[in-house]
Amino acid sequence: MSRPRIHVLALGGTIATKPDASGVMQMGAGADDLVKAVPLLATLADIEAETVSRVGSHSLSFDQIHALAAKIASSKADGVIVTQGTDTLEETGFLLDLLVECDVPVIVTAAMRNPALTSADGPGNLLAAVRVACDPWIRAHARALGVMAVMLDEVYAAADVVKAHPTRLNGFAAPQTGPLAALVEDRVVPLSLPVRDAIEAARRRLGKAAGGAQPVALLWMGLDEPGHLIEAMLGTPDRLGYRGAVVGAMGGGHVPERLADLVGRLAAALPTVVSSRAGSGAMLRHTYGGPTSEIALRKLGLIWGGRLHPLKARVLLETCLRAGLSRDTIAEVFDAFG
Ligand code: ASP
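Not measured: the values here are computed from a predicted model.

About the criteria used
- Residues numbered from 1 in each chain as written.
- Predicted model: local features only at pLDDT ≥ 70, side-chain atom pairs only at ≥ 80, totals over all residues.
- Heavy atoms only, no water.
- Helix = DSSP H or I, 4+ residues; strand = E, 2+ residues; numbered from the N terminus.
- Rg over C-alpha atoms; globule rule 2.2 N^0.38 Å.
- Buried < 20%, exposed > 50% of the residue type's maximum accessible area, 1.4 Å probe, protein only.
- Axes fitted to C-alpha atoms, helices over the stretch in contact; angles between N-to-C directions.
- Parallel < 35°, antiparallel > 145°, perpendicular 65-115°, else oblique.
- Contact = heavy atoms within 4.5 Å.
- Nonpolar A, V, L, I, M, F, W, Y, C, P; charged D, E, K, R; others polar.
- 1 Å grid on protein atoms, 1.4 Å probe; cavity = no way out; pocket = protein on both sides within 12 Å on 5 of 7 lines; lining within 4 Å.
- Points joined across faces, edges and corners; volume = space filled by probe spheres on them.
- Near = heavy atom within 4 Å.
- Polar contact = N/O pair within 3.5 Å; in protein donor to acceptor, adjacent residues only side chain to side chain.

Caption draft 1: Highlighting the overall build of the protein chain. When helices and strands are tallied, the protein chain shows 13 helices and 16 strands. Relative to the compact-globule value of 20 Å for 338 residues, the protein chain shows a C-alpha radius of gyration of 21 Å, a close match. Dimensions of the protein chain along its principal axes, counting C-alpha atoms only, are 60 × 50 × 35 Å. Across the 338 residues in the protein chain, those meeting the buried criterion constitute 53%.

This is the structure we're talking about:
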C-alpha cells in the first residue's frame, strides 16, 4: 500500500529554534531540518517539507495565515501539518479552521521546550502529528474533525484549544470539550467528534473573506477598569484605526457599572463583541438585571460572543469584517456559538 503524502509547512517558533554562540535561542531551522530530525517519519509517509517563514508566532499576521490557508487549499497532499510557535497557535489554528476546506487532515503542531533543553518536545510532537494525519479514523473523519492541534500526544479541535501555560510541556488544553483523540504507543485512540454547527455556519457566511486587514481591539476588563481606552477610541473619528472591538468581560458577560454608557457608545460606533474573560463556557443571556448586566448590554447592541474565548472571538470578528459582513450578520454568526 502506498504511503500517505504529508505536506509539512514550517512557519518558525520554538520548534524551529537553534542556539546562537551565546546560547540564546534564535529562529533557524527550516522544514527540512525538522523532518530530518525525526527519521521515523520516512517510514510513515512521503513527506514534502516546505519552509514558509522563520518567525516567532507572536509576530505572525492575519495576512500570513490567509496566505497559508490558500497554500493548504492548493496542496495535493493527503494531509497537511503546520509547525509554528505556541504563542498564537490557538488563534492561527482557529483562523485556519474558518478558512480551510478540510478534505484531508490539517494539523497544527509546535513545541513548548526548545531543542537545547532536555526533553525537547518538538520532534515528538511532529511525529505524533504525522501519525495522526496518517491514521485511518482521522482521515475518514477529516471534514468532521476540522483543523486540529496535536500537542503532547493529544489531538484537539483548533477551535477549542487554548494555551494554558507559558512553559510547561502540557501547556495546551481544550477546557470546554477535552481532546478529540489520544496517541498511545503508535496508535490513535478516538475519543469524540466536535460539534461544528456554529463553525460551519460561520464558514458559509465568510466565503473567501478576501478583504484587507481589519484591526480589532481587545479590551480586557479588570477590577475598577476606568474605560480610558474606550474613551480614546470614541474620541477619534477613525477609532484609533480599529474596525471592531472585543470586550473581555467579567463572568457571564458583565463590565463595571461606570462603563455602561461607554460600551453602549462603542457598540454604536463599531461592531463590538462581548466574550467572557473566564475563557471557556457560554455566557449568560437573561439572568442579571442592572445597567451593565448581560440583559442591559445586549439591549445596547453589544454582540454576544457565546462560548468563544476572547482571543477566538477576536479572530472571528476580524474575519467577519474582512468578509465585509454587516453588523447584523456578524451578530448572527456569533449567536450560533451559544
Ligand atoms: N514565542 C514562541 C512562539 O510562539 C514560543 C513557542 O514557540 O513556543 O513562536
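From this point on, the discussion continues.
Caption draft 2: Fine view of the packing of helix α3 (residues 62–74) against helix α12 (residues 310–322). Two elements in contact, α3 and α12, have axes whose closest approach is 12 Å; the angle formed by their N-to-C orientations is 75°. Taken together, the axes of α3 and α12 are roughly perpendicular relative to one another. Within the contact between the two elements, α3 uses Phe 62, Asp 63 and His 66 and α12 uses Arg 314, Val 315, Glu 318 and Arg 322. Classifying every residue of the contact of α3 with α12 gives two nonpolar, one polar and four charged.

Caption draft 3: View of the layout of surface pockets. Considering only enclosed or pocket space, the largest pocket measures out at about 490 Å³ in volume. Contributing elements (two or more residues each) for the lining of the largest pocket: α3 and α4 (89–99). With five residues, α3 is the single largest residue contributor to the lining of the largest pocket. Taken together, the residues that form the lining of the largest pocket break down as 13 nonpolar, three polar and four charged.

Caption draft 4: How the structure looks around the site of the ligand. The local shell around the ligand consists of Gly 13, Thr 14, Gly 56, Ser 57, His 58, Gly 85, Thr 86, Asp 87 and Ala 111. His 58 is positioned such that a nitrogen or oxygen atom in its side chain is 3.0 Å from a nitrogen atom of the ligand. One nitrogen or oxygen atom from the side chain of Asp 87 is found 2.6 Å from a nitrogen atom belonging to the ligand. Its residues assigned to classes, the shell around the ligand comprises one nonpolar, seven polar and one charged.

Fair warning: the whole summary comes from geometry, so function is off the table for now.
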